[in-house]
Amino acid sequence: MKHNLILSLALGATALFWTSCQKEKIESTPKLEFEEPSSKNGQVIQDMYIVQLKDNSLPISSFKSGLNYQTSREQVKTEIQQFHKELTKKEVLPKHVYCSAIIGYAAKLTVDEVEELKNDPRVLSVEPDRVVVLGKPSNPGGGGSDPQQSTPWGVSRVNGGTSASSHRAWIIDSGVDLDHPELNVNTTLSATFLGGNSTPDDQNGHGTHVAGIVAAKNNSIGVVGVAPGTEVVSVRVLDRRGSGSISGVIAGVDYVKNSASSGDVANMSLGGGQSSALDAAVLSASSTCKFVLASGNESDDASNHSPARVNGSNIYTVSAMSVGNVWASFSNYGSPVDYIEPGVNIPSLWKNGGYNTISGTSMAAPHLTGILLLGNVSIDGYVNVTPDAPDTDPIGVH
């Protein structure tokens, strides 16, 4: 356990194999089922790399000057292009530029460029970019008439559903349904990092489900969130298929580091193998606001997965349980885990104004996000039958 429960673990950097809470699946029956991981999950994106620079590697410091995010990023982009050309004698067109959580960029590079960068003392790390893919639900969901309001079992279990927070929830995910009648979305702050003609609007459903667990309104329809009516911000890093890249996820974290306020909470219901750049970005961004991380659904030690393995005073890794405080067998475990929260058969919102019930540590994490938005976390019991026995996982409640 971290914080009051565990000692901090050192970050490591080994081979990356990405999984994005990919086993979550629509529950049509009480039996817990998950889709197999996508064959593209963790696949290296050909010739794409993430370059992390040391903080003092560029001659400007606009990322620390209080400029707006876009201006800061453009200035850093100019310096990065100059740095890259001076070092490699080649032009570079970054796909992403990082100016807040970390300093660096993601771009298409040749083998020679990669070697030049790795050997330069101003470069902290160079790693291949990889695909991030959420599991595809068996039922696309969405639409339909609004059901009569009910309080999900998970919200009741954590003593939520009573009041909104004055802070914001930043949902780093597949986006959020911007006009869902159950959500209070800050469309001005919402952003997309997919490029092209993309918007922060959720075309997959996963991000809207997460947002609903945190903050679905207490009205006459649908479900109630842990902190009902709290303002949510869509930080879209995954497309309609639930697909994205590590570099895009880092871009979302970089944006949150620049834009969030103290008291806000960022939710990352995605994760997988090991990425030193992503770990560094989350650790840095946690100095601005709290971060809640899904532990992952591989039935594995969370220490093997980023960003779940990241430790810090404002970072919380969450595993999943079912009704009756029963350990969810799919959930990751181990010393990085701070709390265990409801994550099995969780009803919430979906894209296109809809509703769905799904399972995963992706659903457990936003329960804690809602609790943190409302104040401090209390412990109400433990889940004792876990793969890392005799250790126990505390159940966090409001």
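Note that the structure is predicted; figures quoted are calculated from it, not measured.

## What about the pattern of salt bridges?
Next, step 1: One pass over the full model with this rule turns up six salt bridges.
Next, step 2: Salt-bridge contacts for Asp-120 lead to Arg-122; the nearest nitrogen and oxygen are separated by 2.9 Å.
Next, step 3: Overall, the relative accessible area of 10% leaves Asp-120 in the buried class.
Next, step 4: The salt bridge involving Arg-241 is made with Asp-239; its shortest N-O contact spans 2.7 Å.
Next, step 5: Using a relative accessible area of 16% as the deciding quantity, one classes Asp-239 as buried.

## Let's talk about the nonpolar core
Next, step 1: One finds Val-253, Met-268 and Phe-291 to be the most contacted residues of the largest nonpolar core, which totals 56 residues.
Next, step 2: With seven residues, helix α5 (residues 246-259) is the largest single contributor of residues to this core.
Next, step 3: Ile-171, Val-232, Ile-346 and Val-383 belong to the second largest nonpolar core, which has 48 residues in total.

## A few points about the pairing of strand β1 (residues 44-53)
Next, step 1: Pairing of β1 with strand β4 (residues 123-133), which is carried by six bridges, proceeds in the antiparallel orientation. Residue pairing across strands places Tyr-49 opposite Pro-128, the latter belonging to β4.
Next, step 2: When β1 meets strand β3 (residues 103-108), the two strands line up antiparallel, connected through six bridges. Pairing of Tyr-49 across the sheet is with Ala-107, part of β3.

## Some thoughts on the side chain of Ser-359
Next, step 1: As for its position among the elements, Ser-359 is in the loop between β16 (354-358) and α7 (361-374).
Next, step 2: Residue Ser-359 is classed as buried on the basis of its relative accessible area, which comes to 0%.
Next, step 3: Within the structure, the side chain of Ser-359 is placed 2.7 Å from the backbone nitrogen of Asn-345, a separation counted as a polar contact.

## Examining the sheet that holds β4
Next, step 1: Strand order in the open sheet made by the five strands is β2-β3-β1-β4-β9, with antiparallel pairing throughout. Two strands bound the open sheet, and with one partner strand each, they are β2 (96-99) and β9 (243-245). Each strand of the sheet is rotated relative to its neighbour by a mean of 20°, with strand direction disregarded.
Next, step 2: Taken strand by strand, helix α2 (residues 111-118) contacts β1, β3 and β4, and its axis lies near 135° from that of β4.
Next, step 3: Contacts from helix α6 (residues 276-285) reach β1 and β4, with the element oriented near 45° to β1.

## Considering α6
Next, step 1: Every buried residue belonging to α6 is among Ala-277, Leu-278, Asp-279, Ala-281, Val-282 and Ala-285, and all of these are buried.
Next, step 2: Check the buried side of α6 and you find it contacts β1, β4, α5, β10 (265-268), β11 (290-294) and β12 (315-322).

## A look at the layout of surface pockets
Next, step 1: One number sums up the size of the largest pocket: a volume of about 350 Å³.
Next, step 2: Of the residues forming the lining of the largest pocket, the biggest block, five residues, is contributed by helix α1 (residues 69-88).
Next, step 3: For the lining of the largest pocket, a count of residues per class yields seven nonpolar, six polar and four charged.

## Looking at the environment of His-398
Next, step 1: Structurally, the position occupied by His-398 is in the segment after β18 (393-397).
Next, step 2: For His-398, a relative accessible area of 34% gives the class partly exposed.
Next, step 3: Along the sequence, His-398 and Asn-159 sit 239 residues apart, while their C-alpha atoms lie 5.5 Å from each other.

## Focus on unusual backbone geometry
Next, step 1: Here the residue pair Ser-306 and Pro-307 is connected by a cis peptide bond, since its omega of 0° sits within 30 degrees of zero.
Next, step 2: Mapped onto the elements of the fold, Pro-307 is located in the loop between β11 and β12.
Next, step 3: Even without being a glycine, Lys-89 presents a positive backbone phi close to 65°.
Next, step 4: Positionally, Lys-89 belongs in the loop between α1 and β2.
Next, step 5: The backbone phi angle of Asn-352 is positive, close to 60°, even though this residue is not glycine.
Next, step 6: Within the fold, Asn-352 resides in the loop between β15 (346-350) and β16.

Rules used in this analysis
- All chains use their own residue numbering, which begins from 1 and follows the written sequence.
- Since the coordinates come from a predicted model, pLDDT governs what is reported: local features require at least 70, and pairs of side-chain atoms require 80 or more to be given and counted, while whole-chain, interface and lining totals use all residues.
- Heavy atoms from the whole structure form the basis of all side-chain values; hydrogens and water molecules are not counted.
- The working definition used for a salt bridge is a side-chain nitrogen of Lys or Arg within 4 Å of a carboxyl oxygen of Asp or Glu.
- For the exposure calls, accessible area comes from a 1.4 Å probe over protein chains only, and a residue counts as buried if that area is under 20% of its type's maximum, exposed if over 50%, partly exposed in between.
- What makes a nonpolar core is a set of buried Ala, Val, Leu, Ile, Met, Phe, Trp, Tyr and Cys residues whose side-chain atoms join them at distances within 4.5 Å.
- What counts as a helix is a DSSP run of H or I of at least four residues, what counts as a strand is a run of E of at least two, and both are numbered from the N terminus.
- Here the rule is simple: two strands pair whenever DSSP picks up at least two bridges between them.
- Between N or O atoms, a polar contact is any pair within 3.5 Å; within protein, one atom must be a potential hydrogen donor and the other a potential acceptor, and residues adjacent in sequence are included only when both atoms are from side chains.
- To define axes, lines are fitted to C-alpha atoms, for helices over the stretch in contact only, and angles between the resulting N-to-C directions are given on a 0 to 180 degree scale.
- Between two residues, a contact is recorded if the distance between any of their heavy atoms is within 4.5 Å.
- Grid points spaced at 1 Å over the protein atoms alone were grouped into cavities, where a 1.4 Å probe fits but cannot get out, and pockets, open sets with protein on both sides within 12 Å along at least five of seven lines, with lining residues defined by an atom within 4 Å of a point.
- Grid points are joined across faces, edges and corners, and a volume is the space filled by probe spheres set on the points.
- Gly is placed with the polar residues, together with every amino acid not listed as nonpolar (Ala, Val, Leu, Ile, Met, Phe, Trp, Tyr, Cys and Pro) or charged (Asp, Glu, Lys and Arg).

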